[in-house]
Amino acid sequence: MLKFISPGKSKDSTETISDRIIRIALGRRESGLFILLAGICIIMSILEPKTFFTSENMFNILRQVSVVAIIAVGQTFVMVSGGIDLSIGYNLGLCGIVIAKSLGAGLNPTTSILAGIIVSAFVGFCNGLVITKLRLPPFIATLGMANIARGIIYVLTKGYSISIGDPFILYLGSGNIGIIPAMAILMGVIIFIGIYQLDQTAFGTRVKAIGGNELATKLSGISVTKNKIAVYTMAGVLAAIGGIITIGRQYAANPGAGANFEMDSIAATIVGGTSLAGGQGTVLGTLLGSLLLAVIKNALILLSVNMYWQTVAVGAIIIIVCTIDVFTRRKK
Amino acid sequence: MKKSVYRTIALLLMFMLIFSGCSGPSATETEGEEGQPDEIAEQRTFAIVYPIVHPFFEPVTEEAQKYADSIGVELLTYAPDKPDARQQVEILENLIAMKVDGIAVVPTDSETIAPIVNKAIDTGIQVIAFESDIPKSNRAGFQGTDNYKAGLALGEEIAKRLDGKGKLIVATGLPTQLSLNQRLDGMKEALESYPDVEILDIQSGQGDPTITMNVIESMIQAYSDFDVFSGIDATGGPMAVAVWKAKGWTKDDKMIITFDNVPENVQGVKDGIITSLISQKQWLWGEQLIKDLTTLCDGGSVPNYVDTGNVVIDINNVDTYMEE
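Now for a look at the structure at hand. (Residues numbered from 1 in each chain as written. Chains lettered and ligands numbered in written order. Predicted model: local features only at pLDDT ≥ 70, side-chain atom pairs only at ≥ 80, totals over all residues. Heavy atoms only, no water.)

## Remarks on the packing of helix α6 (residues 147–161) of chain B against helix α7 (residues 178–191) of chain B
Residues and elements named next belong to chain B.
(1) Moving on: It is at 6 Å that the axes of α6 and α7 come closest, and there the two elements cross at 40°. With respect to their mutual orientation, α6 and α7 come out oblique. α6 and α7 meet at a crossing whose hand is right-handed. Here N147, Y148, G151, L152, L154, G155, E156, I158 and A159 of α6 lie close against α7, whose contacting residues are S179, Q182, R183, D185, G186, M187, E189, A190 and L191.
(2) Moving on: Of the residues belonging to the contact of α6 with α7, the class tally is eight nonpolar, six polar and four charged. (Axes fitted to C-alpha atoms, helices over the stretch in contact; angles between N-to-C directions. Helix = DSSP H or I, 4+ residues; strand = E, 2+ residues; numbered from the N terminus. Parallel < 35°, antiparallel > 145°, perpendicular 65-115°, else oblique. Left-handed = near helix turned anticlockwise from the far one by under 90°. Contact = heavy atoms within 4.5 Å. Nonpolar A, V, L, I, M, F, W, Y, C, P; charged D, E, K, R; others polar.)

Structure (structure tokens):
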């Protein structure tokens, strides 16, 4: 956990390393989310001692959060750049259908997976192109693209699911590495790369700059077009990875599999502290936001909360967390 | 050169957006043939409106299309791209504007859809409901499964397989869908006669595969001593099969007794994962819908309510149940 924390510069040369780490950690927004998450876990461990804090349930939560967290990394980059991607869910579904159709057509698994990734990356690339070249608002462009992806899914499937039998895809979605779900490890790797890319590379700095002040970034000589297209393409590739895991998890490419993922990814990203206005946000925050929502949904079921009240509870928690965030930022 | 290529691709995409997303109807046309312009004036046009694109309804479309072709009726089929009553209302509004001759509809939300159904009838369009009724409308007739009775059948099947004693977890679909609520009521009513069968929890997967899967996993975690999982909608069974496969379970470990004969469920029965299914007889509906609409357009009448019944499918009749 601590190794993810950005080192920063110490203001006090006499400060010890551990003090410095604690000071920086407590000063970060993510620490508030982490404390909230830990608090819910502690309360749940008391209320449901036999079911919540068991390895099986922890792996359940990891399985349930993995796909959302992976695509939310892409959504984080998009939102930090000042955009939004409403096509991410159906792009995920489209990738799964393309892979299933390719496998059904006799292509080998590697080619089929590549075909799915290329299609999803192309959808993301097109989003970037329409947004930068035609100057359509990201909301409209990606909403249109979501409809295109959804339509193609139905044209290809007529609503039918397609069974998946490829062992590698099933392993990614349903297998374990040791005792840990393979998809959770893949999520960890992607989160780590995402944190590094956004916080430590020139690309990440450019993405933040574009979201913070696009005009100033452009005037400073940075290609906004190239970077935005790269961001949306990256979101498409991450949607594809989510799609591969989803078909492996469900043992089938389901035409409805991508529905609601765009809203889940946006909710996780916003709860994680990414600003809707762009320029601010962290992948670590997004991971914590995804985990918080997944743990809450899991907890509500373990507590046998009536299904009608669960939606109310999740919505209320999103509003409460974001309100606290707004007040904290204003105070700062 | 590079710029012009970008612009060309961008323009092409813009046209795609305009035609598919921004200005297109919020519905997915899954079937239907375009009639010749000079034939449309004479040809009757019927529409079937589903609550969502789903393989469950494919046999209905196939049978209806076959019969419509044989009598020279143009058939349009529509479904909202997600279970959304507002989208279904918009589809019906468009069909009223198109002045179709008859509509057969499965309501996503019977209360919401009733006023627009009545409006269609007032403009002279014949409307019948199937699969799920619209009691507060003036629809001419209903055919489909009596979902309450189907729920009773599910409850009896669960009790039979448990020998009258055991624990049950349940996943349903959209909480607004009348047919699902009727099934749940029927199941609970049947199980009241078996005091040793306990319903541990009922959760909603919202008709969404991923949510349904998460809900099933969490319920299994919360109630590890359950004996039977039951899905009330057509999504519960396939997602339970995926969970069972991931856990390496068969019907001998924990039972799945669920609704609907979608391909994944039928395969689940064959693979020894699903114990039994309660299925509607939707393969009977398609032809009858077109016959009923034709009768109504000819000035005749159709029965107010037809229960097409249900069938229990297990390993013994999985290949022959449609003939029963």
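## Some words on a nonpolar patch on the surface
All names here are of chain A.
(1) Moving on: Taken together, the side chains of Y171, I177, I179, I180, I185, V189, F192 and I193 define a hydrophobic patch exposed on the protein surface, amounting to about 710 Å² of accessible area.
(2) Moving on: Element by element, the count of residues in the nonpolar patch is highest for helix α8 (residues 182–200), at four residues.
(3) Moving on: Along the chain, the position of I193 falls in helix α8.
(4) Moving on: We classify I193 as partly exposed; its relative accessible area is 46%. (Patch = residues over 30% accessible without salt bridge, like charges linked within 9 Å, V, L, I, M, F, W, Y side chains within 5 Å. Areas by Shrake-Rupley, 256 points an atom, 1.4 Å probe, with all protein chains shown as cover. Salt bridge = Lys/Arg side-chain N within 4 Å of Asp/Glu carboxyl O. Buried < 20%, exposed > 50% of the residue type's maximum accessible area, 1.4 Å probe, protein only.)

## Describing the sheet that holds strand β11 (residues 276–280) of chain B
Residue and element names in this part refer to chain B.
(1) Moving on: The sheet built from six strands is open, its strands ordered β8-β7-β9-β10-β11-β13 with mixed pairing. A strand with exactly one partner marks an edge of an open sheet, and here the two such strands are β8 (197–204) and β13 (310–313). Averaged over all adjacent pairs, the angle separating strand axes in this sheet is 15°, with direction ignored.
(2) Moving on: Of the strand pairs in this sheet, strand β7 (residues 166–172) and strand β9 (residues 228–231) are connected by four bridges, and their pairing is parallel. When the sheet's bridge partners are listed, I169 is paired in β9 with F229.
(3) Moving on: Sheet strands touched by helix α8 (residues 209–222): β7, β8 and β9. Its angle to β8, the strand with the most contacts, is close to 145°. (Pairing = 2+ DSSP bridges.)

## Describing the pattern of salt bridges
Once their charged atoms are close, side chains differing in charge can pair, the charge on each being opposite to the other.
(1) Moving on: This model, assessed by the stated rule, comprises 20 salt bridges over all chains.
(2) Moving on: For A:R63, the salt bridge goes to B:E217, with nearest N and O atoms at 3.9 Å. Separated into two different chains, A:R63 in helix α3 (residues 55–80) and B:E217 in helix α8 make up a pair that spans both.
(3) Moving on: B:E217 sits in the buried class, given a relative accessible area of 6%.
(4) Moving on: Residue B:E157 pairs with B:K160 through a salt bridge whose shortest N-O separation is 3.7 Å.

On their own, these measurements won't tell you what the molecule is for.
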